[in-house]
Amino acid sequence: MASVLVTGGMGFIGSHTVISLYENGFDVVIADNLINSKTEVLNRLEQITGKRFKFYKVDCCDKEALRKVFEENEIDSVIHFAGLKAVGESVRMPLEYYSNNINSMLTVVELMNEYKVRKLVFSSSATVYGESEDVPFTEESPLGMCTNPYGWTKWMLEQVLRDCAKAYPDLKVCLLRYFNPVGAHESGLIGEDPKGIPNNLFPYISKVAAGTLEQLTVFGDDYDTPDGTCLRDYIHVCDLADGHVKALNFVATHDDSVSVFNLGTGKGTSVKEAVAAFEKACGHEIKHVFGARRPGDIPVCYASTDKARKELGFEAKRTIEEMCSSCWNWQTKNPDGLPSDS
Ligand code: WQD
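Calculation criteria
Residues numbered from 1 in each chain as written. Predicted model: local features only at pLDDT ≥ 70, side-chain atom pairs only at ≥ 80, totals over all residues. Heavy atoms only, no water. Near = heavy atom within 4 Å. Polar contact = N/O pair within 3.5 Å; in protein donor to acceptor, adjacent residues only side chain to side chain. Areas by Shrake-Rupley, 256 points an atom, 1.4 Å probe, with all protein chains shown as cover. Helix = DSSP H or I, 4+ residues; strand = E, 2+ residues; numbered from the N terminus. Nonpolar A, V, L, I, M, F, W, Y, C, P; charged D, E, K, R; others polar. Patch = residues over 30% accessible without salt bridge, like charges linked within 9 Å, V, L, I, M, F, W, Y side chains within 5 Å. Salt bridge = Lys/Arg side-chain N within 4 Å of Asp/Glu carboxyl O. Core = buried A, V, L, I, M, F, W, Y, C linked by side-chain atoms within 4.5 Å. Buried < 20%, exposed > 50% of the residue type's maximum accessible area, 1.4 Å probe, protein only. Contact = heavy atoms within 4.5 Å.

Asks: Break down the site of the ligand for me, with residues and values.
Replies: Near the ligand there are 18 residues, and of these Thr 127, Tyr 150, Leu 201, Arg 232 and Asp 297 occur at the shortest range. Between Asn 180 and the ligand, the recorded distance is 3.0 Å, taken from a side-chain N or O atom to an oxygen atom. In this structure, Asp 297 approaches the ligand through a side-chain N or O atom, which is 2.6 Å from an oxygen atom. Its free accessible area being 690 Å², the ligand has 90% of it covered by the protein chains. With four residues, strand β8 (residues 216-219) is the largest single contributor of residues to the shell around the ligand. Across the shell around the ligand, the residue classes tally to nine nonpolar, six polar and three charged.

Printed below as a string of structure tokens:
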């Protein structure tokens, strides 16, 4: 049976996408080196779907190890999530980010060529747009003003894939530029489970709401925005997952060698609004103070969703309230995150 290979399929977005793929009739094989996830995710995916997914613990930079996946399965398409993705960490560890994120993608494309796998969906990011006054960002907005090595790896890999699609005429690539994925599956069995102190807003707020962290520091309330705090396009991770199913169907039914889509809601939500929405979801105050701006932050970032709606048939459905309530449900059911691998 033809399968979709989901690299990084045990991660936050990857695991939610595995569920959407399965619910849409796809057979899924997962490859993940567990650097940012835990084996327990496989049990949770089975609890949610009833299916024990085929899982290979493998580093996508290790070509001979990854070859096994292509040898043992009839891989028909790939969704490539595997990669390091913490902006701040990438500034501290540029070599690891360039080496891991670039080499893992190159290895996957080499094996796709060898095994005649022609369809690829790539997990890119709105970070490739960099800072701009001209918002919302469309797929034609200027690229390459990245503010960190993580963003540069996404920008470089988009170029690598464009060149590969030119050189290998049968290869079809869909680049998905995510905005800010948040929330969790309605079961509360899987969700965002960062190691250590969270860098991102929602997991941080969630831990303050749970009392695990003392208070939230809002990084700057003096921006040129309606309430002084930064605007972001938060998109429910389950909407994002559904967008990948649409993208896979798009590459299977269209001749475009390269297609690019923003996956966002088209709405900017401020940090203050996010805090207020989360307070409603959890039923109590989220202690927060206002601190200095965080280097590298841009004031406003949200998506134009026209192209994804018209060409991909994708539209985010879930509200910021559902993002908060599903995040809180995950948090309360898993106060310490998933059990670590022994
Ligand atoms: C959102 C807003 C912060 C934490 C990053 C990556 C992006 C994607 C999502 C991978 C900002 C403010 C945050 C805190 C705060 N990742 N904030 N206090 O930076 O928009 O995007 O994560 O694809 O590529 O760039 O997300 O959640 O870190 O920040 O005030 O403790 O919340 O200043 O305005 P960001 P974020």
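Asks: Requested: an account of a nonpolar patch on the surface, with residues and values cited.
Replies: Taken together, the side chains of Leu 143, Trp 155 and Met 156 present a nonpolar region at the surface, about 220 Å² in accessible area. Mapped onto the elements of the fold, Trp 155 is located in helix α6 (residues 149-167).

Asks: Would you mind going over the nonpolar core in detail, with residue names and values included?
Replies: Residues Leu 21, Ile 30, Leu 45, Leu 176 and Leu 263 are the most contacted members of the largest nonpolar core, which totals 39 residues. Every element with two or more residues in this core is listed here: β1 (2-7), α1 (12-23), β2 (27-32), α2 (40-49), β6 (172-178), α8 (237-253), β11 (258-263) and α10 (306-312). Element by element, the count of residues in this core is highest for α8, at eight residues. Each residue touching Leu 263, except ones within four places of it in the same chain, is listed here: Leu 176, Arg 177, Tyr 178, Phe 179, Ile 235, Leu 240, Gly 243, His 244, Leu 312 and Phe 314. Val 29, Phe 70, Leu 120 and Val 173 belong to the second largest nonpolar core, which has 30 residues in total.

Asks: Summarise the side chain of Glu 158; cite the residues concerned and give the values.
Replies: Residue placement: Glu 158 occurs in helix α6. What Glu 158 contacts, discounting residues up to four positions off in sequence, is Phe 122, Ser 124, Val 128, Leu 143, Leu 175 and Arg 177.

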